[in-house]
Amino acid sequence: MTRRIAPSILAADFARLREQVREVVDAGAQVIHVDIMDGHFVPALSMGPQAVAALRDFDVLLDVHLMVERPERHVAEFARAGASNIIVHAEATPHIHYAVQAIQEAGCNAGVALTPSTPVEALAEIRAMLWSALCMTVNPGWGGQAFIPASLDKIRRLRALIGPEVELEVDGGIDRDTAGPCAEAGATLFVAGTSVFGAADPGAAFREVASAAGCS
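These numbers were taken from a predicted model, which means no experiment stands behind them. (Residues numbered from 1 in each chain as written. Predicted model: local features only at pLDDT ≥ 70, side-chain atom pairs only at ≥ 80, totals over all residues. Heavy atoms only, no water.)

### Details of the overall build of the chain
Piece 1. Scanning the chain from N- to C-terminus turns up eight helices and eight strands.
Piece 2. Whereas a compact globule of 216 residues would reach a radius of gyration of roughly 17 Å, the chain reaches 15 Å, a difference of no more than 12%.
Piece 3. Taken along its principal axes, the extent of the C-alpha atoms in the chain is 40 × 35 × 30 Å.
Piece 4. Going through the 216 residues of the chain one by one, you find that 57% of them count as buried.
Piece 5. Residue pairs in contact within the chain that sit at least 24 positions apart in sequence constitute 64% of those at least 6 positions apart. (Helix = DSSP H or I, 4+ residues; strand = E, 2+ residues; numbered from the N terminus. Rg over C-alpha atoms; globule rule 2.2 N^0.38 Å. Buried < 20%, exposed > 50% of the residue type's maximum accessible area, 1.4 Å probe, protein only. Contact = heavy atoms within 4.5 Å.)

Structure, rendered in structure tokens:
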């Protein structure tokens, strides 16, 4: 499966959002990651569907990560805004199968995310429904955290569970030092926020992380 970097706009300068997204798209980005946080499932509060709609004219996949309680209630709105992929947390709803169905019925690719303390077996019953599985390599809710080293073993176990056809996404502390080991463990989609948009030249930083991950 092709490896790709998904720059996260959570770390972007929102006064220059489209300009910075254009820089990474011109550098080769095919996926843009949009982190949605509700101040309940995670402490922080971030953007809403308008941020997705603002980027829908770029020729990229918009990878929307809902770090919100009861995400199934918000799927349709983000699908209408232009999401390509919608990722929900297994921990955020008692009805993860229903949430995944809602994403598929809205016409989007479905993904499920696991926080660092959630075992990979949480996806065992729904793996056949997934476009992606997202392994959080930090605790969700804050940008700029350090990568959790134990995540590498979890990535390997998650890849063994979901098989070779499902995207395995990693999110948190992904940079030129951690992308390579994550790729070796089985990751194929690498969310990079601070390491890309926190750099003086986001396009150059994107290429650096992509090279470290072995992206073609």
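### With respect to the sheet that holds strand S6 (residues 132-136)
Piece 1. The strand order across the open sheet formed by eight strands is S1-S8-S7-S6-S5-S4-S3-S2, and the pairing between neighbours is parallel. Each having just a single partner strand, strand S1 (4-7) and strand S2 (31-37) make up the two edges of the open sheet. Here the strands of the sheet are splayed against their neighbours by 25° on average, with no regard to which way each runs.
Piece 2. On top of the sheet, helix H4 (residues 96-105) reaches strand S4 (85-89) and strand S5 (109-114); it is set at about 145° to S5, its chief contact.
Piece 3. Sheet contacts for helix H8 (residues 202-213): S1 and strand S8 (189-192); angle to S1, the most-contacted strand, approximately 145°. (Pairing = 2+ DSSP bridges. Axes fitted to C-alpha atoms, helices over the stretch in contact; angles between N-to-C directions.)

### With respect to H4
Piece 1. What H4 keeps buried is the set Ile96, Ala99, Val100, Ala102 and Ile103. One side of H4 carries all its buried residues, which in axial view fall inside an arc of 155°.
Piece 2. Where H4 is buried, its residues contact helix H3 (75-81), S4 and S5.
Piece 3. Following H4 by one or two positions, Gly107 has its phi on the positive side, about 90°. (Arc of directions from axis to C-beta.)

### Points about the pairing of S1
Piece 1. Here S1 shows two buried faces, one formed by Arg4 and Ala6 and the other by Ile5 and Pro7.
Piece 2. Strand direction decides the pairing type here: S1 and S8, joined by four bridges, are parallel. Across the sheet, residue Arg4 finds its bridge partner in S8, namely Leu189.

### Topic: the nonpolar core
Piece 1. Counting residues in hydrophobic clusters, the biggest one holds 69 residues, and the most contacted among them are Ile9, Ile86, Leu158 and Phe190.
Piece 2. Filtering out sequence-adjacent residues up to four positions away, Leu158 remains in contact with Leu114, Val120, Leu123, Ala133, Cys135 and Leu168.
Piece 3. One finds Ile87, Ala113, Leu134 and Val138 within the second-largest nonpolar core, a separate group that totals five residues. (Core = buried A, V, L, I, M, F, W, Y, C linked by side-chain atoms within 4.5 Å.)

### Overview of the environment of Asp177
Piece 1. With respect to the element layout, Asp177 can be found in the loop between strand S7 (167-171) and helix H6 (179-185).
Piece 2. Given a relative accessible area of 57%, Asp177 falls into the exposed group.

### So, the side chain of Thr178
Piece 1. Following the sequence through the fold, Thr178 ends up in the loop between S7 and H6.
Piece 2. For Thr178, a relative accessible area of 13% translates into the label buried.
Piece 3. Not counting residues up to four positions away in its chain, the partners in contact with Thr178 are Phe147 and Gly173.

### Section: the environment of Ala183
Piece 1. Mapped onto the secondary structure, Ala183 falls in helix H6.
Piece 2. It is 20 Å that separates the C-alpha atoms of Ala183 and Ile87, two residues lying 96 residues apart in sequence.
Piece 3. Setting aside its immediate chain neighbours within four residues, Ala183 contacts Arg3, Phe190 and Ala213.

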